[in-house]
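Results of the structural survey
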Amino acid sequence: SRDLTGALKAIDAIERKQPASPIAANLRGRVLLQRRDLAAARQSFEQALAKDPKFYPAVASLAGLDVLDDKPEAARARFEALLKLDPKNLRALLALAELKARSGGSHDEVTRLIDAAVKANPGSALPRIALIDHHLAGKDLKAALAAAQAAAVALPASVELIDKLGRTQLAAGSAEQAITSFGKITSMRADSPVGYVGLGEAQLAAQDAESASKNFKRALELAPESPAAQRGAIGAALQLKRPQQALAVARDIQTRHAEAARGFVVEGDIEITQKHWEPAIAVLRKALTKADPAQAPARLHFALVQAARAAEAARFADGWVKDHPNDALFLFYLGDVALSQNNLALAQQRYEAVLKLQPGHALALNNTAWLLARQNKPGAVALAERAVKAAPGQPALLDTLALALAGENQLARAIEVQKTVVARAPTVPAFRLNLARLYLQSGAKALARPELEKLARLGPDFAGQDEVARLLASAGSR
């Protein structure tokens, strides 16, 4: 049990022994946060900072409270004040970059902040990983690859960075280069599963399932509980058309965790992959009886539908929802099913049921907003704004917000939001197309034309060229 009163007494004792240290005041603030006494927590963190203005944990906690109060500028000012005192503080530099990303900063603005963290801390892998991940999140594979290559050259002994390079090479479609990178890890750390898992994944991408299978087997010998090694071994076995080998991995998970659903769900997924619907249904029913069935209800419903047992699937869904009304995961899945069937009313009902259970569920908020906007119903903007607040900086969620704003004739703001979307994910053509549509909707043909021309230059790499051509014609010539 959490004895918060006892914890506060212990912290008082620490403070009596170390009156000049910020540690006790910071600990007290954390306990007060657990009590949900935000005002008192803020006061304690301020006391910690008064004792040591460079004490990062207190700065971070106060910035977090500022963000909760919807004051991102105040949070940013705290990190900037710390950086004046300690210009190379890595955590503050990265926190400032994350804050900028979450509060609407462009891809380039965030890049500059993380670059500063790399330059200030050239011997640390952390800011280099943050830079690679930032470019990957923005779908800028070229920049991610350049950052990963530079990182591996700068810190050649870092297994973590070589692994990140290999994964970036895989994301960029360079499987052979990834094989070389992961091979280095197996030479450097033959006792770690990391290199063997990566090597196996790269070999699968290179259509060498036989070699991949051997490397996943080695990874499982080193780490039998590794989900990545288990997934890889199953994937390689299925590519090699050895389903029994894949099932052996699933049954090993069941043996190790007999009371958990996961091993049974994995077996069900293998049977689904083979289109063996009846065995899948049988094992997924077993999964439902285990602790934390998680994805089992959704997988069972899918298998029943695929087995042409639609009526049974509907009865199962109704029964499960009735008996497990708080299963938000299954309700969200049912919303997606309804959406795929273009049953917009039912999809909205399912997502709204999720929101009753989890009001901050970003995807349920986003999907409901999208449905309302599509049907020209009121309330889309408010829901989209809540989605963006729940998961700040996500281009897909901001894209929905722009759609909702346009639907309510807030075109100027819709365009500004969509410009942010394109800045954050410049290589996603659909987002640029939406920006061009908004420009045209507002009558700004001269602004729409260059966006459409960029899309036209993609040629067959973008499937929406028919619409691009139609919109270009409506935008007129230069």
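Overview of the structure.

Calculation notes
- Residues numbered from 1 in each chain as written.
- Predicted model: local features only at pLDDT ≥ 70, side-chain atom pairs only at ≥ 80, totals over all residues.
- Heavy atoms only, no water.
- Helix = DSSP H or I, 4+ residues; strand = E, 2+ residues; numbered from the N terminus.
- Expected span 1.5 Å × (residues − 1).
- Buried < 20%, exposed > 50% of the residue type's maximum accessible area, 1.4 Å probe, protein only.
- Arc of directions from axis to C-beta.
- Contact = heavy atoms within 4.5 Å.
- Axes fitted to C-alpha atoms, helices over the stretch in contact; angles between N-to-C directions.
- Parallel < 35°, antiparallel > 145°, perpendicular 65-115°, else oblique.
- Nonpolar A, V, L, I, M, F, W, Y, C, P; charged D, E, K, R; others polar.
- Phe/Tyr/Trp six-rings, centres within 6.5 Å; stacked < 30°, edge-to-face > 60°.
- Polar contact = N/O pair within 3.5 Å; in protein donor to acceptor, adjacent residues only side chain to side chain.
- Salt bridge = Lys/Arg side-chain N within 4 Å of Asp/Glu carboxyl O.
- Left-handed = near helix turned anticlockwise from the far one by under 90°.

**Here we look at helix α1 (residues 4-17)**
- Between its terminal C-alpha atoms α1 stretches 20 Å, which fits the 20 Å expected from 14 residues at 1.5 Å a residue.
- All of the buried residues in α1 are L4, L8 and I11. All buried residues of α1 project into a common sector of 60 degrees when viewed along the axis, lining one side. Seen from the open side of α1, the exposed residues pointing more than 90 degrees away from its buried face are K9, R16 and K17.
- Where α1 is buried, its residues contact α2 (23-34).

**Things to note about the packing of helix α4 (residues 56-68) against helix α6 (residues 90-102)**
- Where α4 contacts α6, the axes come no closer than 11 Å and their chain directions differ by 10 degrees. If you check the angle between α4 and α6, you find them roughly parallel. Residues Y56, P57 and V67 of α4 pack against R91, A92, A95 and L99 of α6.
- For the contact of α4 with α6, a count of residues per class yields 6 nonpolar, no polar and 1 charged.

**A few points about the environment of Q394**
- Tracing the backbone shows Q394 in the loop between α23 (380-390) and α24 (395-407).
- Judged by relative accessible area, Q394 falls into the partly exposed class, the value being 41%.
- Between the C-alpha atom of Q394 and that of V421, which follows or precedes it by 27 residues, the distance is 8.2 Å.

**Notes on the packing of aromatic side chains**
- All chains considered together, the criterion is met by 6 aromatic pairs.
- Ring plane angle 20 degrees and centroid distance 5.8 Å describe the contact between F330 and Y333, whose orientation is recorded as stacked. Of this pair, F330 and Y333 are both found in helix α20 (residues 328-340), 3 residues apart, which corresponds to roughly one turn of the helix. Each member of the pair, F330 as well as Y333, is classed as buried.

**A few points about α23**
- Along α23, the positions that sit buried rather than exposed are A380, V381, L383, A384, A387 and V388. One side of α23 carries all its buried residues, which in axial view fall inside an arc of 165 degrees.
- Looking at the buried residues of α23, the elements they touch are α22 (362-374), α24 and α25 (411-424).

**Overview of the environment of L372**
- Looking at where L372 falls in the secondary structure, it is placed in helix α22.
- The buried category is assigned to L372, whose relative accessible area is 7%.
- Spatially, the C-alpha atoms of L372 and Q348 are 8.3 Å apart, while their sequence positions differ by 24 residues.
- Residues contacting L372, with those up to four places away along its chain left out, are Q348, K377, P378, G379, A380 and L383.

**A few points about the side chain of Q418**
- The topology assignment puts Q418 in helix α25.
- Using a relative accessible area of 1% as the deciding quantity, one classes Q418 as buried.
- A distance of 3.1 Å separates the side chain of Q418 from the backbone oxygen of F431, its partner in a polar contact.
- Setting aside chain neighbours within four positions, we find Q418 in contact with D399, A402, F431, N434, L435 and L438.

**Focus on the pattern of salt bridges**
- Taken as a whole and judged by the stated rule, the model has 26 salt bridges.
- For D252, the salt bridge is made with R256, and the minimal N-O distance between the two is 2.8 Å. Taken together, the positions of D252 and R256, both in helix α15 (residues 243-256) and 4 residues apart, correspond to about one turn of that helix.
- One salt bridge in this structure joins R470 and E467, with 3.4 Å as the shortest N-O distance.

**So, the packing of helix α7 (residues 107-120) against helix α8 (residues 125-137)**
- Running from N to C, α7 and α8 cross one another at 165 degrees; their axes reach a closest spacing of 8 Å. Relative to α8, the element α7 lies roughly antiparallel. For the pair α7 and α8, the sense of crossing is left-handed. In this structure, α7 contributes H107, V110, T111, I114, D115, A117 and V118 to the contact, and α8 contributes P127, R128, A130, L131, H134 and H135.
- Within the contact of α7 with α8, the residues separate by chemical class into 7 nonpolar, 4 polar and 2 charged.

These values are about where atoms sit, not about what they do.
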